[in-house]
Amino acid sequence: MKTINRILISSVLSALVSIVSVLGFITIIFFGFFPETGKEMLDEDIFHIEKVLSSFDTTNTQWDLLSSRLKPYGYKLLVTSDGGIVYSDLEDSQAAVIESLRDLNLSENTLTGKANGLTFVVRPAGFYSIFALKGTIDDDSLIDFLPIYIIISFIAIAMILLLSLLFMRKMAWRALRPLKALSDGAKRIECGNLSEPIVHSGKDEFAEVAVAFNHMQESLLHEQKKTAAYEKARTDLIAGISHDLRTPLTSVKGYIKGLRDGVANSPEKREQYLSIAYKKACDMDVLLQQLFYFSNLETGNLPLNFSEQDLGDFVRHFAEDMQDELDHEKIEMVVDITSVSHSVKLDVEQMRRVLLNLTENAVRYASAKPLILHVSVWYEGGMEHLMFSDNGQGVAEEHLPRLFEQFWRNDESRGTKNGDGSGLGLYIVKYIVEAHKGLVTARNNNGLEIKISLPGGKEKML
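As the structure is a computational prediction, the values presented were derived from the model and not from experiment.

Topic: the overall build of the protein
From N to C terminus, the protein includes ten helices and twelve strands. Across the 462 residues in the protein, those meeting the buried criterion constitute 34%. For the protein, the computed accessible surface area is about 28500 Å², with 57% contributed by carbon and sulfur atoms.

Rendered as structure tokens:
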């Protein structure tokens, strides 16, 4: 059974029980405690009857004349004398009153009263007792009243139940309308429609539920778009990685085949073939390592072990470690660090990866000969800042906002000379910096400048 029907039936039964209880209580009070109510009321013509009887001359026994005077008031005449009936125009149904009136203790005064539904006026006149009677000993007033009482009761019950039903139906509909809206919203979500919110203008408890539902729907829509974009990027990544791996793999296979076929017919040539094959294999290894690293980022399996470090010393050690490799590539790295302490909390291994990715990105895309990398560290505004810049061609201004997106690369066709990157290097940089509660930005300034800002201590001047 639907909830609205349950509410309506419950309200009708409750109203019905209440009404019947009230009517029953009134009936008990009326007929139990006041059984003679309506019976003890004297007739309004009783005083006229008293005058008629008082003014009648009993020496003249014209009882028919007296009866005719009483008839306009609806009274019957009964005259007795010494217990016998002298005159009576009572009906058969009223004959039983004679026995009940014979025992009346009459004095010289006129007696007026009502008993058993019978209104009477009795006047003693010498040997006679003159009775003026109205009604019957079997009073049908209650019997006549009951049908009217029952009809009025049923009409009152019907009207009250109808009004209660209409009122409760309206209230139930107002209460269940938000539930229907929630049900329709859930069905829309099930069908994939997340763009249509639930509209509820009230300020009741359902308003909070509707707001929470809309927030949930917005979150689902956001996650749906995010997932769709992520899946598209993942598809692009698979296609791109297939290309990126195919190129060095083809080169490795070609050089190995040249060694097997004897194309490299001198020690120098064989050494050259082996060196190129090894370098291509290393390139594939770097690419796979970045993918593995990205997988750890996405699954939350990248632990960070923070320790108190001096950012300036950290950059100096990194430049020293990279010196031989950079010299081999004919790349110059210039370090500019203010002569103060630059205390920060960082994960040494992960921050080293940040600098490695920035270096690799510059080497791959700067397209400058000779390539000069400039790394500077300074304190400003409560933050420690690291600037990594090159003297290359920079990035188109419209591409700068997307520079740190995952899987994004400046070469859409992946066919350019330097188009063999995974599109993950700078995304990993951004992820690690933000995990350090820092901020990374990029701009063009005679090359590409990437600025990293980390929370740090107050600068100590020497």
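Some details on helix α9 (residues 348-365)
In this model α9 runs 26 Å from its N-terminal to its C-terminal C-alpha over 18 residues, within 8% of the 26 Å that 1.5 Å per residue would give. At the N-terminal end of α9, a side-chain oxygen is found 3.1 Å from the backbone nitrogen of Glu349, two or three residues along, and the residue is Asp347. Within two residues after α9, Ser367 carries a phi angle of roughly 55 degrees, on the positive side.

Brief notes about the nonpolar core
The biggest cluster of nonpolar side chains holds 41 residues, and the ones touching the most others in it are Met333, Leu358, Leu386, Phe388 and Ile452. Counting only elements with at least two residues in this core, the list comes to α8 (311-328), β7 (331-337), β8 (343-346), α9, β9 (371-380), β10 (383-390), α10 (425-435) and β12 (448-455). No other element matches the seven residues that α8 contributes to this core. Dropping the residues within four chain positions of it, Met333 is found in contact with Phe318, Ala319, Leu326, Thr359, Leu373, Val375 and Phe388.

With respect to the sheet that holds β7
Taken in spatial order, the five strands make up an open sheet running β7-β9-β10-β12-β11, and their pairing is mixed. The two strands at the open ends of the sheet, each matched to only one other strand, are β7 and β11 (439-444). Shown here is a sheet whose adjacent strand axes are inclined to one another by a mean of 15 degrees, direction ignored. Alignment of β10 against β12, held across seven bridges, turns out to be antiparallel. Across the sheet, Met383 pairs through a bridge with Pro455, a residue of β12.

Some details on the pattern of salt bridges
Tallied over the entire structure, the rule returns eight salt bridges. Arg402 is the partner of Glu405 in a salt bridge, and the nearest nitrogen-oxygen pair spans 3.2 Å. Overall, the relative accessible area of 36% leaves Glu405 in the partly exposed class. Put simply, Glu434 and Lys430 hold a salt bridge, and the shortest N to O gap is 3.0 Å. Here Glu434 and its partner Lys430 are both found in helix α10, four residues apart, which amounts to about one turn of the helix.

With respect to a nonpolar patch on the surface
Taken together, the side chains of Ile9, Leu13, Leu16 and Val20 define a hydrophobic patch exposed on the protein surface, amounting to about 320 Å² of accessible area. Of note, Ile9 is situated in helix α1 (residues 3-33). For Ile9, a relative accessible area of 42% gives the class partly exposed.

Let's talk about helix α2 (residues 46-55)
Taken as a whole, α2 has its buried residues at Ile46, Ile49, Val52 and Leu53. Looking straight down α2, one finds that the buried residues subtend no more than 115 degrees of arc, so they occupy a single side. Counted as exposed and oriented over 90 degrees from the buried face of α2: Phe47, Lys51 and Ser55.

With respect to the environment of Gln224
Its location among the elements puts Gln224 in helix α6 (residues 205-260). Taking C-alpha positions, Gln224 is 9.1 Å from Leu194, a pair spaced 30 residues apart along the chain. Apart from the residues within four sequence positions on either side, Gln224 is in contact with Gly192 and Leu194.

Quick look at the pairing of β12
Most of β12 is tucked away, with six of its eight residues classed as buried. Count of turn residues in the β11/β12 antiparallel hairpin: three residues, of which Asn446 carries a positive phi of about 55 degrees.

What about the packing of aromatic side chains?
Under the criterion given, the structure shown has three aromatic pairs. Geometrically, the ring pair formed by Trp63 and Tyr128 is edge-to-face, given 5.3 Å between the ring centres and 65 degrees between the ring planes. Note that Trp63 is positioned in helix α3 (residues 63-70) and Tyr128 in strand β5 (residues 128-134), a separation of 65 residues in sequence. For Tyr128, a relative accessible area of 23% gives the class partly exposed. Where Tyr255 meets Tyr273, the ring centres are 4.9 Å apart and the plane angle is 80 degrees; that geometry is what we call edge-to-face. With a gap of 18 residues between them, Tyr255 in helix α6 and Tyr273 in helix α7 (residues 267-299) connect regions that are remote in the sequence. Looking at Tyr255, the relative accessible area reads 25%, which means it is partly exposed. Through pairs of rings, three or more aromatic residues link up here, namely Phe56, Trp63 and Tyr128.

Describing the side chain of His436
Along the chain, His436 falls in the loop between α10 and β11. On the accessibility criterion, His436 (5% relative accessible area) is buried.

Structural notes on the packing of α2 against α3
In the contact formed by α2 and α3, the axes pass within 10 Å of each other and the chain directions differ by 165 degrees. As summarised for this structure, α2 and α3 are arranged roughly antiparallel, according to the angle between their axes. The element α2 and its partner α3 pack so that their crossing is right-handed. Contact with α2, carried on its side by Ile49, Val52 and Leu53, involves Leu66, Arg69 and Leu70 of α3 and no other residues of that element.

Points about unusual backbone geometry
A cis geometry characterises the amide bond from Lys369 onward to Pro370, with omega recorded as -5 degrees. With respect to the helices and strands, Pro370 occurs in the loop between α9 and β9. We note that Ser367 has phi near 55 degrees; this positive angle belongs to a residue other than glycine. In this structure, Ser367 sits in the loop between α9 and β9. Among the residues examined, Ser367 registers a relative accessible area of 51% and is labelled exposed.

Reading the values: the criteria
Residue indices follow the written sequence of each chain, beginning from 1 at its first position. Side-chain atom pairs in this predicted model are given and counted only at pLDDT of 80 or more, local residue features only at pLDDT of at least 70, and totals for whole chains, interfaces and linings cover all residues. Only hydrogens and water are removed before side-chain values are computed, so all heavy atoms of the structure are retained for them. Secondary structure is summarised from DSSP: a helix means a run of H or I of at least four residues, a strand means a run of E of at least two, and numbering begins at the N terminus for each. Partly exposed residues are those whose accessible area sits between 20% and 50% of the maximum for their type, while under 20% is buried and over 50% is exposed, using a 1.4 Å probe and protein chains only. Only the protein chains shown count as cover for residues, and the accessible areas themselves come from Shrake-Rupley with a 1.4 Å probe. Given the number of residues in a helix, its expected span is that number minus one, multiplied by 1.5 Å. A 3.5 Å cut-off defines polar contacts: any pair of N or O atoms within that distance qualifies, except that in protein one atom must be a possible hydrogen donor and the other a possible acceptor, and neighbouring residues in sequence count only when both atoms are side-chain atoms. In plain words, nonpolar cores are sets of buried Ala, Val, Leu, Ile, Met, Phe, Trp, Tyr and Cys residues tied together by side-chain atoms within 4.5 Å. Contact criterion: two residues are considered in contact whenever any of their non-hydrogen atoms come within 4.5 Å of each other. Should DSSP find at least two bridges between two strands, the strands are taken to pair. What counts as an axis is a line fitted to C-alpha atoms, over the stretch in contact for a helix, and the angles between N-to-C directions run from 0 to 180 degrees. A pair is scored as a salt bridge if a Lys or Arg side-chain nitrogen falls within 4 Å of a carboxyl oxygen belonging to Asp or Glu. Any residue with relative accessible area above 30% and no salt bridge may belong to a patch, with like charges joined within 9 Å and the nonpolar Val, Leu, Ile, Met, Phe, Trp and Tyr side chains within 5 Å. By arc we mean the arc of the directions from the helix axis to the C-beta atoms, nothing more. Pairing of aromatic rings covers Phe, Tyr and the six-membered ring of Trp, with a centre-to-centre limit of 6.5 Å; geometry is then stacked below 30 degrees between planes, edge-to-face above 60, and tilted otherwise. Comment on the angle field: the value is read as roughly parallel under 35 degrees, roughly antiparallel over 145, roughly perpendicular from 65 to 115, and oblique elsewhere. Each helix crossing is assigned a hand: it is left-handed if the near helix lies turned anticlockwise from the far helix by less than a right angle, otherwise right-handed if that turn is clockwise.

Structural measurements only, silent on function.
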